[in-house]
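Below are the chains, spelled out letter by letter.
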Amino acid sequence: MLKVGVLGAGHLGKIHLRLLQQSEKYELVGFYDENHENGAKIAAEFGYKQFDTIAKLIHAVNVIDIVTPTLSHYKCAKVAIKSGKHVFIEKPISNTVAEAEEIIALAKEFNVKGQVGHVERFNPAFIATKSMIENPMFIESHRLAEFNPRGTDVPVVLDLMIHDIDAILSVVNSKVKNINASGVSVISDTPDIANARIEFENGCVANLTASRISMKNMRKSRFFQKDAYISVDFLDKVCEVVKMKDAPEIPGDFDMILQNAEGVKKQIYFANPEVAPNNAILDELESFANAINTDTTPVVTLEQGTNALRVAYQIIDCFKK
């Protein structure tokens, strides 16, 4: 079992503490929170050990789980990596691309592993369909949330849309060619609703919408590729796969057949991949333990987290133009 310590005991930090305590791959040593009063309350309620300095916690563990506000990710990661500790960093990897690139360089220099907490990669509906998403040419994503003051310190792109940016970059095997985007600030100082169109060098186009002022929650992505349509509902954890193949010469009574203007006939059929229930946050944390123990590449690398952040900032730059 890897000895792990958590930096940050806010809303998400508390979830990480609980899951690491349950995990059979980690031994939870304790946590540090810069709000000592909040930390003392959590330590008293749940029995986790509270450390009074970051240095003491880092010294006592093999792995540091960084669940602090984004502004401090770089500072925390730098101290942990220079102490030779592996780092799990909640998304986004850092506040700037330059900071993220330095985290990558430090991890290589001190020979430690890092993973970024893009939890949707571990969503069971996405896992069930990912192998079927082969060469998507059009992608549409909607991530809508009801208003929550927590998170409005950053633009909606870094808060919500970055989940879909990372998921899309993980399935499109091509470089970003061009980005157009617009955003509107409704209640915050930064955009609360945004739309982005990402064009890739291979011709794929992704259209992303994110809002944190919606009347209902929605987290859906649709992937269109030759002879297939794949829908992933990240919120309800369900998926739908519609495929087409050449129609049989003599169709069955219940076969669904389409015929285009040229007379080509296709049969529509539904694939129903099994969605295995899971705890995505626990799975991402334990996948990092596996990567450390087997010396393999983490599922969401520091480089991938940085790529998602780079695209997010390119979208934000479009707002300024």
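Residues numbered from 1 in each chain as written. Predicted model: local features only at pLDDT ≥ 70, side-chain atom pairs only at ≥ 80, totals over all residues. Heavy atoms only, no water.

In the annotation of an unreviewed UniProt entry, the entry for the protein chain reads Gfo/Idh/MocA family oxidoreductase, and the organism field reads Flavobacterium myungsuense.

K.L.:
Would you mind showing me how to read the overall build of the protein chain here?
P.N.:
A tally of regular secondary structure across the protein chain gives nine helices and 14 strands. On C-alpha atoms alone, the protein chain measures out to a radius of gyration of 22 Å, which is about the 20 Å that the 2.2 N^0.38 rule sets for 321 residues. In terms of its C-alpha atoms, the protein chain occupies a principal-axis envelope of roughly 75 × 45 × 40 Å. The 321 residues of the protein chain split such that 51% are buried. In the protein chain, of all internal contacts separated by at least 6 residues, the share reaching a separation of at least 24 is 67%. (Helix = DSSP H or I, 4+ residues; strand = E, 2+ residues; numbered from the N terminus. Rg over C-alpha atoms; globule rule 2.2 N^0.38 Å. Buried < 20%, exposed > 50% of the residue type's maximum accessible area, 1.4 Å probe, protein only. Contact = heavy atoms within 4.5 Å.)

K.L.:
Help me understand the UniProt feature "domain: Gfo/Idh/MocA-like oxidoreductase N-terminal" (unreviewed entry) in the protein chain, please; the structure alone is not making it clear to me.
P.N.:
UniProt tags residues 2-118 as "domain: Gfo/Idh/MocA-like oxidoreductase N-terminal" (unreviewed entry). Each end of residues 2-118 is marked by a C-alpha atom, and these two atoms are 21 Å apart; helix forms 44% of the span and strand 22%. (UniProt positions renumbered as here; feature names shortened; annotations may be inferred.)

K.L.:
What is the right way to read the sheet that holds strand 10 (residues 218-225) from this model?
P.N.:
Backbone-to-backbone hydrogen bonds join strands into a sheet, with any given pair of strands oriented parallel or antiparallel. The strand order across the open sheet formed by nine strands is 7-8-9-6-10-11-12-14-13, and the pairing between neighbours is mixed. Whereas interior strands pair on both sides, the edge strands pair on one side only; in this sheet they are strand 7 (176-184) and strand 13 (256-259). Adjacent strand axes in the sheet meet at a mean angle of 15 degrees when their direction is disregarded. Of the strand pairs in this sheet, strand 11 (residues 228-233) and strand 12 (residues 238-246) are connected by six bridges, and their pairing is antiparallel. Note on strand 12: the bridge partner recorded for Asp233 is Val238. (Pairing = 2+ DSSP bridges. Axes fitted to C-alpha atoms, helices over the stretch in contact; angles between N-to-C directions.)

K.L.:
What should I look at first to understand the pairing of strand 11 in this one?
P.N.:
Among the six residues that make up strand 11, five are buried, leaving the element largely enclosed by the rest of the structure. Relative to strand 11, strand 10 runs antiparallel, the two being bridged by six bridges. Bridged to Arg222 within strand 11 is Ser231. A loop of two residues connects strand 10 with strand 11, the two strands running antiparallel in sequence, and Asp227 in this loop sits at a positive phi of about 65 degrees. Linking strand 11 back to strand 12 in an antiparallel pair, the connection comprises four residues, with Lys237 at a positive phi of about 60 degrees.

K.L.:
Got a minute to help me understand the side chain of Asp164 in this structure?
P.N.:
As for its placement among the helices and strands, Asp164 is situated in helix 7 (residues 156-171). Those residues within four positions of Asp164 in sequence are excluded, and the remaining contacts are Ser141, Arg143, Leu208, Ser221 and Phe234.

K.L.:
For this particular structure, what's the right way to read unusual backbone geometry?
P.N.:
Each neighbour pair has its own omega, and for Lys91 with Pro92 the value is -15 degrees, a cis peptide bond. Of note, the phi angle at Asn111 is positive, near 55 degrees, even though the residue is not glycine. Examined against the element boundaries, Asn111 turns out to sit in the loop between helix 5 (97-109) and strand 5 (114-117). The exposure class assigned to Asn111 is exposed, which follows from its relative accessible area of 68%.

K.L.:
Sorry if this is basic, but what is going on with helix 8 (residues 280-294) here?
P.N.:
Helical geometry: 3.6 residues make up each α-helical turn, so side chains three or four residues apart lie on a common side. Spanning 15 residues, helix 8 covers 21 Å between terminal C-alpha atoms, matching the ideal 21 Å at 1.5 Å per step. Judged by how many residues are buried, helix 8 sits mostly within the fold: eleven of 15 residues are covered. Of the residues making up helix 8, those classed as buried are Ala280, Ile281, Leu282, Glu284, Leu285, Glu286, Ser287, Phe288, Ala289, Ala291 and Ile292. Of the surrounding elements, those touching the buried residues of helix 8 are strand 1 (2-7), helix 1 (11-22), strand 2 (26-32), strand 3 (63-66), strand 4 (86-90) and strand 5. For helix 8, the capping residue at the N-terminal end is Asn279, with a side-chain oxygen 3.2 Å from the backbone nitrogen of Ile281. (Expected span 1.5 Å × (residues − 1). Polar contact = N/O pair within 3.5 Å; in protein donor to acceptor, adjacent residues only side chain to side chain.)

K.L.:
I would appreciate a short explanation of the sheet that holds strand 2 in the present structure.
P.N.:
Ordered in space as 2-1-3-4-5, the five strands form an open sheet in which the pairing is parallel. Because the sheet does not close on itself, it has two edges, and the strands there are strand 2 and strand 5. Strand-to-strand twist across the sheet, computed as the mean angle between neighbouring axes with direction ignored, equals 20 degrees. The strands touched by helix 1 are strand 1, strand 2, strand 3 and strand 4; relative to strand 2, the strand with the most contacts, the crossing angle is about 150 degrees.

K.L.:
Mind showing me how you'd approach the pattern of salt bridges here?
P.N.:
For the structure on display, the rule yields 13 salt bridges. Here Lys108 makes a salt bridge to Glu303, at a shortest N to O gap of 3.9 Å. Taken as a pair, Lys108 in helix 5 and Glu303 in helix 9 (residues 302-320) lie far apart in primary sequence, 195 residues in all. Judged by its relative accessible area of 61%, Lys108 falls in the exposed class. A salt bridge links Arg197 to Glu199, with the shortest nitrogen-to-oxygen separation between them at 3.3 Å. A single network of salt bridges, built from pairs that share partners, joins Glu120, Arg143, Asp164 and Arg219. (Salt bridge = Lys/Arg side-chain N within 4 Å of Asp/Glu carboxyl O.)

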